[in-house]
Amino acid sequence: MALSVRSKLFRILKRNQLASERCYSSSLMSLKKTFNFVDPFNIEAMYTNEEIMIRDQVRSYCQEKLQPRILDGWRNEYFDKAIMKEFGEIGVLCCTLKGYGAAGVSSVASGLITKEIEAVDGGYRTSYAVQNLVAVSIDSWGTQEQKEKYLPKLISGEIFGSFGLSEPNHGSNPRAIETRAIYNSENKTYKLRGNKTWTTHSPFADLFLIWARCDDGEIRGFLVDRKGNEDRISTPEIKGKMSMRASTTGMILMDDVVIPETCLIPGITGLKGPFNCVNHARYGVAWGTLGAAESCLKIAVQYVLDRKQFSRPLAANQLIQKKLAEMMIDISVGLEACLRVGRLKDENKASPEMISIIKKNSATKAANIARTTREMLGANGVSDEFKVMRHMVNLEASLTYEGTDDIHSLILGRAITGINAFKG
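Residues numbered from 1 in each chain as written. Predicted model: local features only at pLDDT ≥ 70, side-chain atom pairs only at ≥ 80, totals over all residues. Heavy atoms only, no water.

### Observations regarding the overall build of the protein chain
Point 1. Looking only at helices and strands, one finds twelve helices and eleven strands in the protein chain.
Point 2. In terms of C-alpha radius of gyration, the protein chain reaches 22 Å, essentially the compact-globule figure of 22 Å for 424 residues.
Point 3. Each of the three principal axes of the protein chain carries a C-alpha extent, and together these read 80 × 50 × 45 Å.
Point 4. Taken across its 424 residues, the protein chain has 53% of its residues classed as buried. (Helix = DSSP H or I, 4+ residues; strand = E, 2+ residues; numbered from the N terminus. Rg over C-alpha atoms; globule rule 2.2 N^0.38 Å. Buried < 20%, exposed > 50% of the residue type's maximum accessible area, 1.4 Å probe, protein only.)

Written as structure tokens, this is what we have:
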């Protein structure tokens, strides 16, 4: 990370550094003596001081700035666009990239950031992740001109990006993409024709990354600015979502959008590009969903201690304690796996199958934890004031996007047996 970028990030993060270090040292001493159900394996000791400092600063921001906004956003299907700018100001957008104003932090630090964001709400984490997806694609395979034009603005939150891969007829099977990119050799332009759906940010995005099939049958990525193409691009919002209501999702309808060939991302051909990018998102889902699960566990513990039935707290019941123990185990084991993959990712040793394991495990376990917590809270569990059912329905979506639960099972089954079961 460049010195100026590191200094910029640390000016924000170090305000309470001394106090944080004292608290951290104190917590470690305490953990040596007592059992902490929030961190039963003392994973805290395996993070670097920088990762802890980043995590704590992001936690403060999320609890102070995001938490007060979420209930209104959830109820009204409203995303506050100022949030992305604030993410940029505190230095966490596209934070694993180097240069262009990015922080250049570790993969574990980025996982901790997504965990803190989704501890408030998965919709915010989804928005954060999609901005990263677009930036990672450009950084990985774009031209120098494309990087200089778009990355600083994506990293600062000045512009919104949208990642156009899924189509109305093709979600789990992107190889069947129907969107076409037709090349005109005379004026050196591409004409984009087709539709994308379930695209975060699309109703207000400034920049679209569109994956389309070219004349030679290969799939390639194209960068499309909204400005100048308003008459050929329509981006209706998908309303009535019962999940991720605080993030804005829509379609991208392209009616012969003409773009210069300089909009082509030249460094990648085929599905390797979108799949590599989606693996970054899957990695974030693995950390983020455990943030929601941990939030549910904390709510459940406090609730069953406070709530009394038959003259004693709910926490005194064996079934309640069994459920809490299982929730704690699933979260702590999941975090250990995420941490290990994060370290391997920074060493360029993490395989796609490893990321499938943690995405599948975290999402399924977190969804079950949220359902169990909702049940433990009884009638109060269905009230959005108690937060749990919001997490529960958000986590239902996490079982579908970035590869469905079953798709990840098939990825792992193929790795185990050597047989591809995707085709009938």
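### What about the pairing of strand β3 (residues 161–164)?
Point 1. Neither face of β3 is left uncovered, since the one carrying G161 and F163 and the one carrying S162 and G164 both have all their residues buried.
Point 2. Sheet analysis places β3 next to strand β6 (residues 207–214), joined by four bridges and oriented parallel. Note that in β6 the partner of G164 across the bridge is I210. (Pairing = 2+ DSSP bridges.)

### Side note on the packing of helix α9 (residues 318–346) against helix α10 (residues 352–376)
Point 1. α10 packs onto α9 with a crossing angle of 155 degrees between their chain directions and a minimal axis gap of 10 Å. In terms of orientation, α9 and α10 fall into the roughly antiparallel class. When the axes of α9 and α10 are compared, the crossing they make is left-handed. For the pair α9 and α10, the contacting residues are I320, K323, L324, M327, D330, I331, G334, A337, C338, V341 and L344 in the first and M354, I355, I358, N361, S362, K365, I369, T372, T373, E375 and M376 in the second. (Axes fitted to C-alpha atoms, helices over the stretch in contact; angles between N-to-C directions. Parallel < 35°, antiparallel > 145°, perpendicular 65-115°, else oblique. Left-handed = near helix turned anticlockwise from the far one by under 90°. Contact = heavy atoms within 4.5 Å.)

### Side note on helix α3 (residues 49–76)
Point 1. Here α3 contains 28 residues, and its C-alpha end-to-end distance of 39 Å stays within 8% of the 40 Å for a straight helix at 1.5 Å per residue.
Point 2. A maximum bend of about 45 degrees is found in α3 at L66, where proline P68 lies one to four positions downstream.
Point 3. Phi turns positive one or two residues past the end of α3, at E77, with a value near 50 degrees. (Expected span 1.5 Å × (residues − 1). Bend = angle between axes of the 7 residues up to and from the residue.)

### Things to note about the nonpolar core
Point 1. The biggest cluster of nonpolar side chains holds 54 residues, and the ones touching the most others in it are L66, F87, Y124 and F163.
Point 2. For L66, the residues in contact, after removing those within four places along its chain, are Y61, I83, F87, I117, V120 and Y124.
Point 3. One finds C296, I320, I358 and A367 within the second-largest nonpolar core, a separate group that totals 44 residues. (Core = buried A, V, L, I, M, F, W, Y, C linked by side-chain atoms within 4.5 Å.)

### Structural notes on the pattern of salt bridges
Point 1. Summed over the entire model, instances satisfying the criterion amount to 26 salt bridges.
Point 2. In this structure, E51 and R343 form a salt bridge, with 2.7 Å as the shortest nitrogen-oxygen distance. On the criterion of sequence distance, the pair formed by E51 in helix α3 and R343 in helix α9 is long-range, its members being 292 residues apart.
Point 3. Judged by its relative accessible area of 22%, R343 is partly exposed.
Point 4. The shortest N-O distance in the salt bridge between E347 and K349 comes to 3.6 Å.
Point 5. You can call E347 partly exposed: its relative accessible area is 45%.
Point 6. Note on K349: relative accessible area 54%, which makes it exposed. (Salt bridge = Lys/Arg side-chain N within 4 Å of Asp/Glu carboxyl O.)

### Section: helix α6 (residues 122–141)
Point 1. Between its first and last C-alpha atoms α6 spans 28 Å; for 20 residues at 1.5 Å apiece the expected length is 28 Å, and the two agree.
Point 2. Most of α6 is tucked away, with 18 of its 20 residues classed as buried.
Point 3. Near the N-terminus of α6, the side chain that reaches the backbone nitrogen of G123, with its oxygen 2.8 Å away, is that of D121. (Polar contact = N/O pair within 3.5 Å; in protein donor to acceptor, adjacent residues only side chain to side chain.)

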